[in-house]
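A look at the structure
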Amino acid sequence: MLKEDGAATGGRLKILVCVSGGGTNLQAIIDGIKSNAITNTEIISVISNNKKAYALVRAAEEGIPALCISPKDYEDREAFNRAFLKAVQAAGPDLIVLAGFLVVLPEEMIAGYRNRIINIHPSLIPSFCGKGFYGLKVHEKALERGVKVTGATVHFVDEGTDTGPIILQKAVAVEAGDTPETLQKRVMEQAEWVILPKAIDMIANGRIAVEEGRCIETDKGGCS
Ligand code: GAR
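Residues numbered from 1 in each chain as written. Predicted model: local features only at pLDDT ≥ 70, side-chain atom pairs only at ≥ 80, totals over all residues. Heavy atoms only, no water.

Concerning helix α1 (residues 24-34)
Residues that lie three or four places apart on an α-helix share one face, since the helix turns once every 3.6 residues. Regarding α1, the residues found buried are Asn 25, Leu 26, Gln 27, Ala 28, Ile 29, Ile 30 and Gly 32. Among the residues trailing α1, Asn 36 stands out with phi positive, at a value near 70 degrees. (Buried < 20%, exposed > 50% of the residue type's maximum accessible area, 1.4 Å probe, protein only. Helix = DSSP H or I, 4+ residues; strand = E, 2+ residues; numbered from the N terminus.)

Here it is, written out as C-alpha coordinates:
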(Lines give C-alpha, C1' and ligand atoms only; values in the text may rest on other atoms or scores of the structure.)
Protein backbone atom coordinates (compact mmCIF):
# COMPACT_ATOMS: atom_id res chain seq x y z
CA MET A 1 0.00 0.00 0.00
CA LEU A 2 0.98 3.64 -0.48
CA LYS A 3 0.23 6.64 1.68
CA GLU A 4 -0.72 10.04 0.19
CA ASP A 5 2.90 11.19 0.25
CA GLY A 6 3.89 8.21 -1.93
CA ALA A 7 5.52 6.25 0.91
CA ALA A 8 4.81 2.52 1.14
CA THR A 9 3.06 1.07 4.18
CA GLY A 10 4.19 -2.54 3.73
CA GLY A 11 2.94 -5.54 1.73
CA ARG A 12 3.30 -6.30 -1.96
CA LEU A 13 2.73 -3.30 -4.22
CA LYS A 14 -0.13 -3.97 -6.62
CA ILE A 15 0.46 -2.09 -9.85
CA LEU A 16 -1.81 -1.31 -12.77
CA VAL A 17 0.07 -0.52 -15.98
CA CYS A 18 -1.59 1.74 -18.57
CA VAL A 19 -0.33 1.47 -22.14
CA SER A 20 -1.08 2.71 -25.66
CA GLY A 21 1.46 1.11 -27.96
CA GLY A 22 4.37 -1.28 -28.22
CA GLY A 23 4.68 -1.89 -24.52
CA THR A 24 8.47 -2.09 -24.29
CA ASN A 25 8.30 -0.31 -20.93
CA LEU A 26 5.66 -2.79 -19.76
CA GLN A 27 8.08 -5.53 -20.85
CA ALA A 28 10.88 -3.90 -18.86
CA ILE A 29 8.64 -4.00 -15.77
CA ILE A 30 7.68 -7.65 -16.38
CA ASP A 31 11.36 -8.56 -16.84
CA GLY A 32 12.35 -6.52 -13.79
CA ILE A 33 9.90 -8.43 -11.60
CA LYS A 34 11.09 -11.78 -13.00
CA SER A 35 14.76 -10.94 -12.43
CA ASN A 36 14.11 -9.49 -8.96
CA ALA A 37 15.35 -6.07 -10.04
CA ILE A 38 11.87 -5.04 -8.87
CA THR A 39 10.82 -6.63 -5.59
CA ASN A 40 7.62 -6.65 -3.51
CA THR A 41 5.59 -5.90 -6.63
CA GLU A 42 2.93 -7.58 -8.71
CA ILE A 43 1.26 -6.40 -11.93
CA ILE A 44 -2.44 -6.91 -11.26
CA SER A 45 -3.76 -5.48 -14.52
CA VAL A 46 -2.95 -3.77 -17.82
CA ILE A 47 -5.29 -1.24 -19.44
CA SER A 48 -4.85 -0.02 -23.01
CA ASN A 49 -6.80 2.70 -24.83
CA ASN A 50 -5.81 1.10 -28.13
CA LYS A 51 -7.11 -2.30 -29.21
CA LYS A 52 -4.12 -2.85 -31.48
CA ALA A 53 -1.47 -2.09 -28.86
CA TYR A 54 1.20 -4.81 -28.90
CA ALA A 55 1.42 -4.25 -25.15
CA LEU A 56 -1.85 -6.24 -24.87
CA VAL A 57 -0.12 -9.23 -26.49
CA ARG A 58 2.77 -8.91 -24.04
CA ALA A 59 0.30 -8.93 -21.13
CA ALA A 60 -1.58 -11.95 -22.51
CA GLU A 61 1.68 -13.88 -22.95
CA GLU A 62 2.38 -13.37 -19.25
CA GLY A 63 -1.15 -14.21 -18.15
CA ILE A 64 -1.70 -10.70 -16.82
CA PRO A 65 -5.37 -9.59 -16.87
CA ALA A 66 -5.66 -6.94 -19.59
CA LEU A 67 -8.43 -4.89 -21.10
CA CYS A 68 -8.92 -2.21 -23.69
CA ILE A 69 -11.00 0.88 -22.97
CA SER A 70 -11.01 3.01 -26.09
CA PRO A 71 -12.44 6.53 -26.31
CA LYS A 72 -13.75 5.47 -29.72
CA ASP A 73 -16.27 3.18 -28.01
CA TYR A 74 -17.87 6.00 -25.97
CA GLU A 75 -20.14 8.82 -27.06
CA ASP A 76 -18.03 11.52 -25.47
CA ARG A 77 -14.96 12.11 -23.33
CA GLU A 78 -16.92 12.15 -20.08
CA ALA A 79 -18.39 8.72 -20.76
CA PHE A 80 -14.91 7.39 -21.56
CA ASN A 81 -13.47 8.98 -18.41
CA ARG A 82 -16.19 7.39 -16.28
CA ALA A 83 -15.58 3.94 -17.79
CA PHE A 84 -11.83 4.29 -17.46
CA LEU A 85 -12.01 5.40 -13.82
CA LYS A 86 -14.44 2.59 -13.02
CA ALA A 87 -12.05 0.00 -14.48
CA VAL A 88 -9.13 1.48 -12.54
CA GLN A 89 -11.11 1.42 -9.29
CA ALA A 90 -12.25 -2.15 -9.96
CA ALA A 91 -8.61 -3.25 -10.39
CA GLY A 92 -7.78 -1.67 -7.01
CA PRO A 93 -4.12 -0.79 -7.57
CA ASP A 94 -1.73 0.69 -5.02
CA LEU A 95 0.21 2.34 -7.85
CA ILE A 96 -0.75 3.23 -11.43
CA VAL A 97 2.13 3.21 -13.93
CA LEU A 98 1.70 5.15 -17.17
CA ALA A 99 4.05 3.27 -19.48
CA GLY A 100 3.61 5.05 -22.79
CA PHE A 101 -0.04 5.88 -22.05
CA LEU A 102 -1.00 8.69 -24.41
CA VAL A 103 -4.33 9.66 -22.85
CA VAL A 104 -4.99 12.71 -20.65
CA LEU A 105 -6.16 11.39 -17.28
CA PRO A 106 -9.48 12.52 -15.76
CA GLU A 107 -8.80 15.10 -13.03
CA GLU A 108 -10.89 13.05 -10.61
CA MET A 109 -8.45 10.19 -11.06
CA ILE A 110 -5.40 12.38 -10.42
CA ALA A 111 -6.99 13.74 -7.24
CA GLY A 112 -8.07 10.26 -6.12
CA TYR A 113 -4.62 8.75 -6.63
CA ARG A 114 -2.40 11.61 -5.43
CA ASN A 115 1.27 10.51 -5.58
CA ARG A 116 0.14 7.04 -6.61
CA ILE A 117 0.42 7.55 -10.39
CA ILE A 118 3.80 7.62 -12.12
CA ASN A 119 4.70 8.37 -15.74
CA ILE A 120 7.75 7.74 -17.91
CA HIS A 121 8.60 10.62 -20.25
CA PRO A 122 11.30 10.37 -22.93
CA SER A 123 13.23 13.57 -22.16
CA LEU A 124 14.94 15.31 -19.28
CA ILE A 125 12.01 17.29 -17.85
CA PRO A 126 11.55 20.31 -17.99
CA SER A 127 12.98 20.08 -21.53
CA PHE A 128 10.80 18.77 -24.36
CA CYS A 129 7.73 18.04 -22.29
CA GLY A 130 4.19 19.28 -21.84
CA LYS A 131 1.29 19.38 -24.27
CA GLY A 132 2.10 17.89 -27.67
CA PHE A 133 5.38 16.28 -26.55
CA TYR A 134 4.94 12.52 -26.69
CA GLY A 135 6.56 9.53 -28.36
CA LEU A 136 8.70 10.24 -31.41
CA LYS A 137 7.77 13.95 -31.41
CA VAL A 138 9.92 14.48 -28.31
CA HIS A 139 13.00 13.19 -30.12
CA GLU A 140 12.20 15.16 -33.29
CA LYS A 141 12.13 18.36 -31.21
CA ALA A 142 15.34 17.46 -29.36
CA LEU A 143 17.16 16.90 -32.67
CA GLU A 144 15.67 20.09 -34.17
CA ARG A 145 17.02 22.06 -31.20
CA GLY A 146 20.40 20.39 -31.50
CA VAL A 147 20.76 19.31 -27.88
CA LYS A 148 23.78 17.12 -27.18
CA VAL A 149 22.25 15.35 -24.20
CA THR A 150 18.71 14.12 -23.71
CA GLY A 151 17.29 11.30 -21.59
CA ALA A 152 14.22 10.17 -19.71
CA THR A 153 12.31 11.09 -16.56
CA VAL A 154 10.02 9.18 -14.20
CA HIS A 155 7.70 11.47 -12.26
CA PHE A 156 4.54 11.42 -10.19
CA VAL A 157 1.51 12.68 -12.10
CA ASP A 158 -0.26 15.85 -11.02
CA GLU A 159 -2.85 18.05 -12.76
CA GLY A 160 -0.33 19.54 -15.20
CA THR A 161 1.27 17.83 -18.19
CA ASP A 162 4.64 16.39 -17.09
CA THR A 163 4.78 18.78 -14.11
CA GLY A 164 4.65 16.37 -11.14
CA PRO A 165 7.45 15.59 -8.67
CA ILE A 166 10.48 14.02 -10.40
CA ILE A 167 11.50 10.59 -9.08
CA LEU A 168 14.42 9.62 -11.34
CA GLN A 169 16.16 10.95 -14.45
CA LYS A 170 18.87 9.51 -16.66
CA ALA A 171 20.86 11.31 -19.35
CA VAL A 172 21.62 9.87 -22.79
CA ALA A 173 24.05 11.28 -25.38
CA VAL A 174 22.78 12.46 -28.75
CA GLU A 175 25.07 11.12 -31.49
CA ALA A 176 25.99 12.52 -34.90
CA GLY A 177 23.62 11.22 -37.55
CA ASP A 178 20.84 10.40 -35.07
CA THR A 179 17.32 10.22 -36.46
CA PRO A 180 14.27 10.49 -34.16
CA GLU A 181 14.03 6.69 -34.39
CA THR A 182 17.67 5.95 -33.43
CA LEU A 183 17.51 8.48 -30.61
CA GLN A 184 14.22 7.05 -29.34
CA LYS A 185 15.72 3.55 -29.31
CA ARG A 186 18.82 4.68 -27.39
CA VAL A 187 16.75 6.65 -24.86
CA MET A 188 14.55 3.60 -24.29
CA GLU A 189 17.44 1.16 -23.94
CA GLN A 190 19.75 3.33 -21.86
CA ALA A 191 17.25 5.28 -19.79
CA GLU A 192 13.56 4.34 -19.84
CA TRP A 193 13.94 0.58 -19.35
CA VAL A 194 16.37 1.30 -16.50
CA ILE A 195 14.71 4.07 -14.51
CA LEU A 196 11.06 2.96 -14.76
CA PRO A 197 11.70 -0.45 -13.13
CA LYS A 198 14.05 1.24 -10.63
CA ALA A 199 11.43 3.82 -9.64
CA ILE A 200 8.81 1.09 -9.09
CA ASP A 201 11.24 -0.88 -6.94
CA MET A 202 12.03 2.21 -4.88
CA ILE A 203 8.32 2.94 -4.34
CA ALA A 204 7.53 -0.69 -3.55
CA ASN A 205 10.24 -0.71 -0.92
CA GLY A 206 9.26 2.55 0.71
CA ARG A 207 12.28 4.50 -0.49
CA ILE A 208 10.44 7.44 -2.04
CA ALA A 209 8.33 10.14 -0.47
CA VAL A 210 7.03 13.47 -1.70
CA GLU A 211 7.61 16.52 0.42
CA GLU A 212 6.62 20.03 -0.65
CA GLY A 213 6.23 18.93 -4.27
CA ARG A 214 9.64 17.29 -4.49
CA CYS A 215 10.72 13.67 -4.23
CA ILE A 216 13.10 12.57 -1.56
CA GLU A 217 14.71 9.19 -1.13
CA THR A 218 13.61 8.31 2.39
CA ASP A 219 16.54 6.16 3.51
CA LYS A 220 19.29 7.96 1.60
CA GLY A 221 18.29 11.59 1.85
CA GLY A 222 17.62 12.63 -1.76
CA CYS A 223 16.60 11.42 -5.22
CA SER A 224 19.54 9.90 -7.10
C1 GAR B 1 8.01 5.62 -24.56
O2 GAR B 1 9.11 6.19 -25.22
C3 GAR B 1 7.49 6.56 -23.49
O4 GAR B 1 8.51 7.26 -22.84
C5 GAR B 1 6.64 7.50 -24.31
O6 GAR B 1 5.96 6.63 -25.21
C7 GAR B 1 6.82 5.52 -25.51
C8 GAR B 1 6.04 4.24 -25.32
O9 GAR B 1 6.78 3.11 -25.70
N10 GAR B 1 5.74 8.23 -23.48
C11 GAR B 1 5.44 9.52 -23.71
O12 GAR B 1 5.86 10.14 -24.67
C13 GAR B 1 4.53 10.15 -22.67
N14 GAR B 1 4.51 11.59 -22.80
P15 GAR B 1 6.40 1.64 -25.22
O16 GAR B 1 4.92 1.46 -25.55
O17 GAR B 1 7.26 0.75 -26.09
O18 GAR B 1 6.70 1.54 -23.75
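So much for the structure itself; the text now carries on.
Section: the site of the ligand
Around the ligand, a shell composed of 15 residues is seen, among which Gly 23, Thr 24, Asn 25, Gly 135 and Glu 192 lie nearest. At a separation of 2.8 Å, an oxygen atom of the ligand approaches a polar backbone atom of Gly 23. A distance of 2.8 Å separates an oxygen atom of the ligand from a polar atom in the backbone of Gly 135. Contact with the protein chains hides 92% of the accessible area of the ligand, taken as 460 Å² for the molecule alone. Every element with two or more residues in the shell around the ligand is listed here: α1, β5 (117-121) and α6 (180-204). (Near = heavy atom within 4 Å. Polar contact = N/O pair within 3.5 Å; in protein donor to acceptor, adjacent residues only side chain to side chain. Areas by Shrake-Rupley, 256 points an atom, 1.4 Å probe, with all protein chains shown as cover.)

Brief notes about the sheet that holds strand β2 (residues 41-48)
Strands sit in the order β3-β2-β1-β4-β5-β6-β7 across an open sheet of 7 strands; the sheet is mixed. Every interior strand has two partners, whereas the edge strands, β3 (66-68) and β7 (166-173), have only one. Between one strand axis and the next, the sheet turns through 20 degrees on average, direction left out of account. As judged from the 3 bridges shared by strand β4 (residues 95-98) and β5, these two strands associate in the parallel manner. Across the sheet, the residue bridging to Leu 98 is Asn 119, located in β5. Helix-sheet contacts for α1 involve β1 (13-19), β2, β4 and β5, and the interaxial angle to β2 is about 160 degrees. The strands touched by α6 within the sheet are β1, β2, β4, β5, β6 (149-156) and β7, with β7 carrying the most contacts at an inclination of about 155 degrees. (Pairing = 2+ DSSP bridges. Axes fitted to C-alpha atoms, helices over the stretch in contact; angles between N-to-C directions. Contact = heavy atoms within 4.5 Å.)

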